[in-house]
Amino acid sequence: MDGFPILTTITFLPLVGALLIAFLPASWARPVALGAALLTWIASLLLVVGFSAGSGGFFQFTEELSWIPAFGIEYKLGVDGLSLLLVVLTTTLSWISILASFKPIQTRIKEYMISFLILEVGMIGVFLALDTFLFYIFWEIVLVPMYLIIGIWGGANRIYATIKFVLYTLVGSLLMLVAILATAFAFQAANGGDWTGAFDYEVLRLYAATAGGFDPTLQLVAFGAFFLAFAIKVPMFPFHTWLPDAHVEAPTAGSVILAGVLLKLGGYGFIRYGLSFYPDAAQTYAPAIIVLSLIAIIYGAIVALVQPDLKKLVAYSSVSHMGFVTLGIFIFQPQGMDGAILQMINHGLITGALFLLVGVIYERTHDRTIARMGGLAGRTPAYIAIMGFFVFASAGLPGLSGFVGEFLVLLGTFAFNPLAAATATFVMILGAAYMLWMFQRMATGELSSFLAGLGKHLTDISAVEILTVAPLGALVVVFGLFPGILLNIIDGSVTRALADVGTGTPIAVDPLVTAVGLGAIAAVIVLRIVTLPMFRASASAETSA
Amino acid sequence: MTFQDLVTIAPFVVAIFVAAGVIAADIVAPGRNRPVLVIALGGLAIVGLLTIVTGSTAATAFGGAYRVDDLTTFLDIVFIGIAAMTLLFAPDYLESRRLPLAEFAAVLLFAMTGAMLLAASADLLVLFIGLELMVLPGYLLAGYHKSDGYSTEGAIKYFLLGSFSSAIFLFGLAFVWGLTGTTRVSEVAAQLTALTATGGLSAGLALGLAFLTTGVAFKIAAVPFHYWTPDAYQGSPTPVTGYLSVGPKVGAFALILRLFVEALGPLRADWLPIVVVLAVLTMTLGNLVALTQTNVKRMLAYSSIAHTGYMLVGLAAFAAGRLEGLEGLLYYGAAYSVMNLGAFGVVAALQKRAGVTSNLDTFAGLGRREPALGILMTLFLLSLTGIPPTAGFFAKAYVILAAVQASQDGATVLGFLAVVAVLNAAAAAFYYLRVVVYMFMREPASDDPALNHGRLLWAGLLITTILTVVFGLIPGPLLEIVGNAARAIG
Amino acid sequence: MRGWLYLLSAAVAGAVITTPALLIFVFGGGSVDDALFAALATLMLVSALLVVTMRDIIRCGLAMIVAFLALAGIYVVVGAPLIAAAQVIVYIGAISVLILFAIMLTQSKAGPAKLVFQTQAAPAAVAAVVLVVLITLGISATDWGEVGTRVRLATDALARVLFRDYVLPFEVVSVLLLAAVIGGIFIAKREDEPS
Amino acid sequence: MDILIPLIALLPIAGFLFTAAVGRRLGKRAHIVPVAAVGLSWAIAMVVVFTTLTGGFGEAGLAVKLWDWIPAGAFHIEAAFFVDNLTAALLIVVTTVGLLVHIYSIGYMSHDPGYWRFFAYLNLFMFSMLLLVLGDSWLTVFVAWELVGLSSYLLIGFWYRKNSAALASKKAFLVNRVGDVGFALGIMAIWVNTGTLNIRDSIEALTHPFTGGNPCIPVAPDLSCASSDFTIPVAIVALLLFAGAMGKSAQFPLHVWLPDAMEGPTPVSALIHAATMVNAGVYLVARANPIFASAPEAMVVVAGIGIFTALLAASIALTQTDIKRVLAYSTLSQLGYMFAALGVGAWTAAIFHLMAQGFTKGLLFLASGSVIHAVHEEQDMRKMGGLAKKIPHTYRTMLIGAIGMAGIPPLAGFFSKDEILGESFVLGFAWVWAIGVVVAIMTAFYMFRLIGLTFWGESRVDTTVEPKIHESPRVMTIPLWLLAIPAVLLGLVLAWPGPPLGPLFGQSGPGLLAGWLEPVFAPGIEILGRHEAEFAIFGIDGVLILISVAVAVAGMVAAWRLFGVEIGGLRRRGNPEQVRDLTARAPFLYRASLNKWWFDELNHVLFILIGGRIAAFLWWFDANVVDGIVNGIGAVTRRSGGGLARVQTGRVQNYALGIAVGLIVMVVSYAMMVRA
Amino acid sequence: MGLADSLDAYLVLSGALFTIGSFGFLARRNAISMLMSIELMLNAVNLAIVAFGSFIPNLKADGSIIALMVMAVAAAEATVGLAIIIAIYRNRKTPLVDEYDAMRR
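Not measured: the values here are computed from a predicted model.

K.L.:
Sorry, what's going on with the overall build of chain A here?
P.N.:
In terms of regular secondary structure, chain A is built from 23 helices and 2 strands. Buried residues in chain A amount to 68% of all 545 residues. Expressed as a percentage of contacts within chain A between residues at least 6 apart in sequence, the contacts between residues at least 24 apart total 82%. Of the accessible surface of chain A, which amounts to about 15,800 Å², a share of 73% is contributed by carbon and sulfur atoms. The centroid of the 22 positive side-chain charges in chain A is displaced by 15 Å from the centroid of its 28 negative side-chain charges.

K.L.:
Even after reading the chapter, I still don't get the overall build of chain B, so can you show me in this structure?
P.N.:
A count of helical and extended segments in chain B gives 21 helices and 2 strands. The C-alpha atoms of chain B give 21 Å as radius of gyration, which agrees with the globular expectation for 490 residues (23 Å, within 12%). C-alpha extents for chain B along the principal axes are approximately 70 × 55 × 40 Å. The contacts of chain B with a sequence gap of at least 6 include a subset with a gap of at least 24, amounting to 82%.

K.L.:
I keep staring at the nonpolar core and nothing clicks. Help me out?
P.N.:
In a soluble, globular protein the nonpolar side chains are often hidden away together inside. If you look at the biggest cluster of nonpolar residues, it comprises 819 residues, and the most contacted ones within it are L259 and L264 of chain B together with F75, W138, L139 and F448 of chain D. In this structure L139 of chain D touches F403 and F407 of chain A together with W69, I70, F75, I77, I187 and L197 of chain D, once residues within four positions along its chain are discounted.

K.L.:
Honestly, the confidence of the model for chain A in this entry has me stumped. Any pointers?
P.N.:
Low pLDDT means the predicted atomic positions in that stretch should not be read closely. Residues at a pLDDT of 70 or more form 97% of chain A, whose mean pLDDT is 90. Predicted confidence is poor over residues 537-545 of chain A, with pLDDT under 50, and the contacts of this stretch with residues over four places away or in other chains come to 21 contacts.

K.L.:
Help me out: how do you make sense of the interface of chain B and chain E in this one?
P.N.:
The accessible area lost on association of the parts is a frequent measure of interface size. With 42 residues of chain B at the interface, the matching set in chain E holds 42 residues. The closest approach of N and O atoms between R92 of chain E and E153 of chain B, which form a salt bridge, is 2.6 Å. Seen at the junction of chain B and chain E, the total is 8 residue pairs in polar contact (both at pLDDT 80 or more). Counting residues per element, the ones that place at least two in the side of chain B that touches chain E are α6 (124-142), α7 (149-180), α10 (228-235) and α13 (296-319) of chain B. For the side of chain B that touches chain E, the element with the highest residue contribution is α7 of chain B, accounting for 22 residues. A class-by-class count of the residues in the side of chain B that touches chain E yields 22 nonpolar, 13 polar and 7 charged.

K.L.:
How do you make sense of the pattern of salt bridges when you look at a structure like this?
P.N.:
Any two side chains of opposite charge can pair, so long as their charged atoms come close to each other. Evaluation of the coordinates by the stated rule reveals 42 salt bridges over all chains. R368 of chain B is the partner of E443 of chain B in a salt bridge, and the nearest nitrogen-oxygen pair spans 3.8 Å. Separated by 75 residues along the polypeptide, E443 of chain B in the loop between α19 (412-441) and α20 (455-473) and R368 of chain B in helix α16 (residues 366-369) bring together distant segments of the chain. Overall, the relative accessible area of 51% leaves E443 of chain B in the exposed class. For R368 of chain B, a relative accessible area of 42% gives the class partly exposed. In this structure, a network of salt bridges that share partners links the residues E153, K157, D231 and R298 of chain B together with R92 of chain E.

K.L.:
Which parts of the structure should I look at to understand the packing of aromatic side chains?
P.N.:
Two measures describe an aromatic ring pair: the distance that separates the ring centres and the angle between the ring planes. Residue and element names in this part refer to chain D. Within this structure, the stated rule accounts for 97 aromatic pairs over all chains. One Lys or Arg, K28, reaches over the ring of Y115 and ends 4.5 Å from the middle of that ring. A cation sits over an aromatic face here: R117 above F158, 4.4 Å from the ring centre.

K.L.:
What is the right way to look at helix α11 (residues 279-305) of chain A in this model?
P.N.:
Over its 27 residues, α11 of chain A extends 37 Å from the first C-alpha to the last, a length consistent with the 39 Å expected when each residue adds 1.5 Å. Taken as a whole, α11 of chain A carries its principal kink of about 45 degrees at A286 of chain A; the proline P287 of chain A stands between one and four residues after it.

K.L.:
Help me understand the pairing of strand β2 (residues 75-83) of chain D, please; the structure alone is not making it clear to me.
P.N.:
Looking along a regular strand, one sees side chains alternate from face to face of the sheet. All names here are of chain D. The buried fraction of β2 is high, at 7 of 9 residues. By the bridge criterion, 9 bridges tie strand β1 (residues 62-72) to β2 in an arrangement that is antiparallel. Bridged to W67 within β2 is A79. Where β1 hands over to β2, the hairpin turn is made up of 2 residues, of which G73 adopts a positive phi near 55 degrees.

K.L.:
I would appreciate a short explanation of the interface of chain E and chain C in the present structure.
P.N.:
If you look at the interface, chain E gives 68 residues, while chain C gives 79 residues. Summing both partners gives a buried area of about 6,600 Å² for chain E against chain C, and 78% of it is carried by carbon and sulfur. The interface formed by chain E and chain C includes 0 salt bridges. Along the contact surface separating chain E from chain C lie 8 residue pairs in polar contact (both at pLDDT 80 or more).

Parameters at a glance
Residues numbered from 1 in each chain as written. Chains lettered and ligands numbered in written order. Predicted model: local features only at pLDDT ≥ 70, side-chain atom pairs only at ≥ 80, totals over all residues. Heavy atoms only, no water. Helix = DSSP H or I, 4+ residues; strand = E, 2+ residues; numbered from the N terminus. Buried < 20%, exposed > 50% of the residue type's maximum accessible area, 1.4 Å probe, protein only. Contact = heavy atoms within 4.5 Å. Areas by Shrake-Rupley, 256 points an atom, 1.4 Å probe, with all protein chains shown as cover. Lys, Arg positive; Asp, Glu negative; His and termini not counted. Charge placed at Lys NZ, Arg CZ, Asp CG, Glu CD. Rg over C-alpha atoms; globule rule 2.2 N^0.38 Å. Core = buried A, V, L, I, M, F, W, Y, C linked by side-chain atoms within 4.5 Å. pLDDT = per-residue confidence, 0-100. Salt bridge = Lys/Arg side-chain N within 4 Å of Asp/Glu carboxyl O. Polar contact = N/O pair within 3.5 Å; in protein donor to acceptor, adjacent residues only side chain to side chain. Nonpolar A, V, L, I, M, F, W, Y, C, P; charged D, E, K, R; others polar. Phe/Tyr/Trp six-rings, centres within 6.5 Å; stacked < 30°, edge-to-face > 60°. Lys NZ or Arg CZ within 6 Å of the ring centre and 35° of its normal. Expected span 1.5 Å × (residues − 1). Bend = angle between axes of the 7 residues up to and from the residue. Pairing = 2+ DSSP bridges. Buried area = accessible area lost by both parts, 1.4 Å probe.

Below is the structure:
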């Protein structure tokens, strides 16, 4: 496969599909979209076949093309274990989501499929880009189609949700742009004013690893910017509030991709850029990030306990689960990092499936209020059986994939600090609690009057719908029993990332600065609480004007 | 005046003749658009060619009053392009309002010649006259829809404040002239270097500088001298608004380049802080107020103010010692012109049906009624927001890069400026995307049938679209050009 | 009766204007030019003030003409007779007349003060005062390089300079006027006339 | 063997998958495959057990590796099975009771629409349970640990239409999870201490830290040798493991789920909540005996909690009216005994009691199921009575079970319980023994209260049901009798010291079971530094035996006095008045017992009321503060924009003034830069 | 040295005239008055220029030239301005500028 630009192919195959759809009649949109996505998927599988896991964390199938020579910006793609898995996850979820949108999406199907395929391009690109500038471009490209998908095909309050999503993400990513440029220039300056390689991931990484890397102040600031961008995407507490809104309003497939892939962009960014470029800063920030992660894990779970809406519940569970990812990354432990990556994949599969299943019931009831469900086990046994499977998978039932990742993270954390581990492990109970609560309310008891009222509209899960979740279920089992498959692939990347960050030593930050920062945060919170009566929480009307 | 001089200023002269030719054509065949357009566009093509040909070699004419260098060429091309685009967008709009094209074209071309002169001037007096030649027709264009109260209101506001600021500017000019004793830009610079070398900034010089800054800040619509912009933009006929939002703006920046960067270059340490403050105010206020606008033209007016701010960031970066700042400024100018013209082109297209306002509701469901326009508008708006891969994104990235560089050189305030810039960009996303919301996420307010737009309009939109994408995806060539242009004076 | 009043007021005005000149001339021991300058300057400033303060806009226009005349005089004093001539021709001959015509066209009558002055007249005055103070300070604090005495320049020299160094601006100004006229005519034309 | 051992566990899972896939279509034939699967795995298990106990694998036992489960660098887990004598002992109980329950269910569930589902779940459970006892690494055990939780969840909530069942199943799972957290942390602690999760290696490393001579056991993360200064103290490790055991074996305070679990079908109660799953905790602690042995303080905790649970549960069982709940609490109480035994270090006794209880309790539950079946799903004993003649097989088998529970020689129940009491006394835990004796009285009392209320006296059965009462089909009664056999003989077989009649002549030796388990518990005993106590039937042991028999009889008699008795010639009517004024005399104790010491109420307050408040508050916090700040920023921005827009008055002069002011500011600011 | 011979005197004078003009511009409501004010300001500038021209030796005639140009420009401005005033007067029937506030915020 060498020579043939497979990565470019994978990245832009969906775009081809999008263009085709643009020029074909609307009736073709569905098949063409699915076809394009499937082709991409197959291509990515070929990539897996061709990928040699043993060869350490080096990038494979790299493609290099001078793009903006003035700044040494290149079109450079490459894949290592980490990106490989995420790309495959993306391509898989993409065709599944497209398939899942066939029935729900009836209006403006052309635009929908086009946006979706472009979205796929962006996501794949983010994972494959080896040039910070290119990375940023793909990163932003992801934004637009998602904005449209939520905003056009979303629920009642979609505009508020989508604008919140975009603005929130944009704030982070634009600051990240500044950081990217600053880093590039710092390199150029150190490189005697030569721009070549100033945006090249591998060059920068090497530079960061050697000769003390970037200047501490730059590291602190730049990492801060990157952190914000990634933390918002992950999303880490307290930057998570866009997620529930976005999930609730987004169409099913949108939620699937949102939870399945977009959230992973953050984790990926941390591992790929945060740790490798600014090891010292990473070491400096790590404690704070770990604390935030722990908060997210517990907080998300507790809040999920009282969610009245299926999607909101799953959304908050995502906050909790993604907390494990950041936790696993920033304890700088092999097990933790392995676990974090596994957790990303598994969360993608499981939560993706959960959203699909929520979509299934929503299709029939046009309602997601848990209180109105009940007694589905009798009416739609197959659906409930599948639901149950993923509910327990999400609750981290051993033997299914969710468990391995979580446990590895906990293990690493325990080695890092038993108390932190104890805190995080506590979520085993909460996680089971909200999941079972939801499941019981949906499945057991007599068929609720609301559902009964739907009469024969309330059919059991259809073959197509099963087809959408079945692959995910299969993977959940396989990865649960043979996580080795994944672990071997990511091994190299993990080792490299840890080696990179290992070179870092915490930077001494003036306690005054810290104090001032904390003071500011406290002030904001207080201010907010004081002004509660002034701006009610439902700024939705105002913002969506 | 030698023959050589004539050759050097050939583009300028020809431009004037084109303008005159348009009038002549109208006299010969009154009220017919085709000949006007043929002459105007054809003429512009010739002027463009001449510019490129003559611009290939740097030269001066009239004893150094007129100067051709890479900067001149670049700016002239931009101005010619702007004029051409405006001419492409205007006919439909004017026709539906029974407004003659000939005078419009003529006045527009005169304005363009003014801008060209501005870009080429190496003499303060020429600079001033070029400026006037650029803005006076602007007043007229603003009021071109003379039967419309808004148009004339905008015009008179624009005129009164404009001439007020002209007077201020001129006053400052007089002082600088009095102190340096010359009108030749190069000599002024030399003199100032000498003056500041000894006594530093003298009171009179400060006075002149203050008046000049004020006058220029007004022309580029920098806060707090921006008041005229929203009213003038909103009132003017939409194609004119499109022109005003880019032509005079880029022209004013040309003025800045020639006057502040070249003539007052030695004083850059003194005007840098002012520029920084202006940049922050301009970006922030422009964006904040734009958030609350419900009229797209007015919203774009405020957004244009904000964009001035971003360009000022580039200027500041230059003043802080980074030539990249200048390049960024120029790149931004070009990118901004393209995308903003495109956006206004769409607005103008929508207003083809007379009486259609530019309110947000007009855009409701546009994506349904006229998908093509909707998608193009989205592209332009994304570009204005600064989302890759569009011209707007790369331009922003460029000025920010310059600012970051300057800050790492030691001028920390520039780093702050960069952060303010990106935060503003984020805020700006809200109002730009709101238009997208209306176009794609709202149902059409009226079920008017889709309009059929003229071929010219589509051509204009096509060009702007292509350029918007190209400047975003393949910035290489343009980077080369602006690089040379910047080096010509930096 | 009314006639007398006019005469009286004219006399008063004359007194006001000439007093400073006389003072300088007699007690200040200044030259004739000084006296002339003082008188003209006072006349200009007073009439300028009248321009911006009088209610009847027609009288404002007339006062403006007076101010321009005074300025022309000052030009003579400072030694630029040609400019003085141009001043008379261009401003009094062209612009003032133009303005008077406009006044006729827009036939605005004299009104009570609130119709004449903005509500913000007071702050405007303050601003103006601050500005003039600043300017004065700035000017007086500046050393204007080697300042000679007034040079009365010969017309031929002027012409030479004009057609050597300033031919381009000269040409361009004509273009400017052309543009202004073309546009102006169109804008000022009535809508219903065939365009 | 390497194939057979995995098969034991894999056959049931195969059965599960098969039934889950196609069971729905099989209708009434759905049971064939599952039962066959379990039967087969029973047969294999027996072979394995025999080979093991006859020393086929030597003392170390046999490990079978399947594949590398989690190869994460220093953290390396194999999916492997392991069989030694302890496992074998458990296998006997699990597979036998499991098989019998399967057979019994054919009859019991025959009318249930979810017939196939039931067998699928049962198979799933069998797999999980077998995995639990066969697992070779802590993590494998943990997997099984959770899986039995899952299958128990499914089976308790089997009748999903019943809300009570659904809630009970959820409760069971969550309460178990609480324990599992402890277990999980314990596992992590073990790994951090020893760098391995293989049960034997890690125990070796924990109990014999690296000191020159001992082999080096690599410790994560840097894979150095495990030395005695562990990151986590062994006592903590032990207690964490015990926390897991508490969850599964429903020890105080995590006992609340077990009684509710009776919402499930009776066979489930018999299999999971009496015979097998609830014993997992005992197995775990026994398995980890060296760890506990090296942390005596932890053992005291175990003993304390165990015996307290025994007392608590027994006290509740005294007054319950639901036949199954009585049994449930007795199960709790007996589990308490086992932990007491584990705590005092009488591991063999604990396992012995486990096995004895496994059969006895299984028998009692199945019998009670048969009773309930007979009176048409009525579980309230106040609506029974006088059933002895109507359902003789059930009556007889249940009576046997009751006598065993009461602790009358020579039934299994007697031997095992007496072993525990005796050992704890001998080992110097007199308090444990004392409480144990009290519990013994209660046990005998409530068991015969149950028998009395259910089978003796005049019938209180609903008149509509009365005529339809009938004995259960063979498919149900046969398993009862089959279970009765071990319930009677197991004790004699396993515990008889030395040759027949030997003890009478002072001869003694370790019982059969003790012999089997010797290698397993040797390390623990060695660490405790304890030499075998001589068994003296005419010495202290004899006295203890007499005491426990006496108290057993006392309990029975008390029950007879109050609730009557009808065995052979022995007849006596019950005496409700006496019951009434007894309850009236100790009203608090009565109500406490009746209301299960208000534990459910307490939990409701703690978790539903308080916890719910907290969650609700956090949600409010999320919406109003965390998100509120975000929206607030947005709102402030927009409003400030609106404010600034006011500058745009539309009046030229205002603008001009603005410009003029700007000009002035400009002049001033430049003037400030004047350096002259 | 006398008043007429000091550059400062002329400059201050022009400054005064300039501010008077700007005051008029800020204070008057009538469009034409404002136009006149602007003319005053331009004249002030001219005065400054001419003064410079005749006082600073190496400027020589340039001052007068520039002044001439400025006059021309002023004329052009006046033309345009009056045209616009007439146009809007036609629409609004009032010369009072502060009543042209249909567009605001």
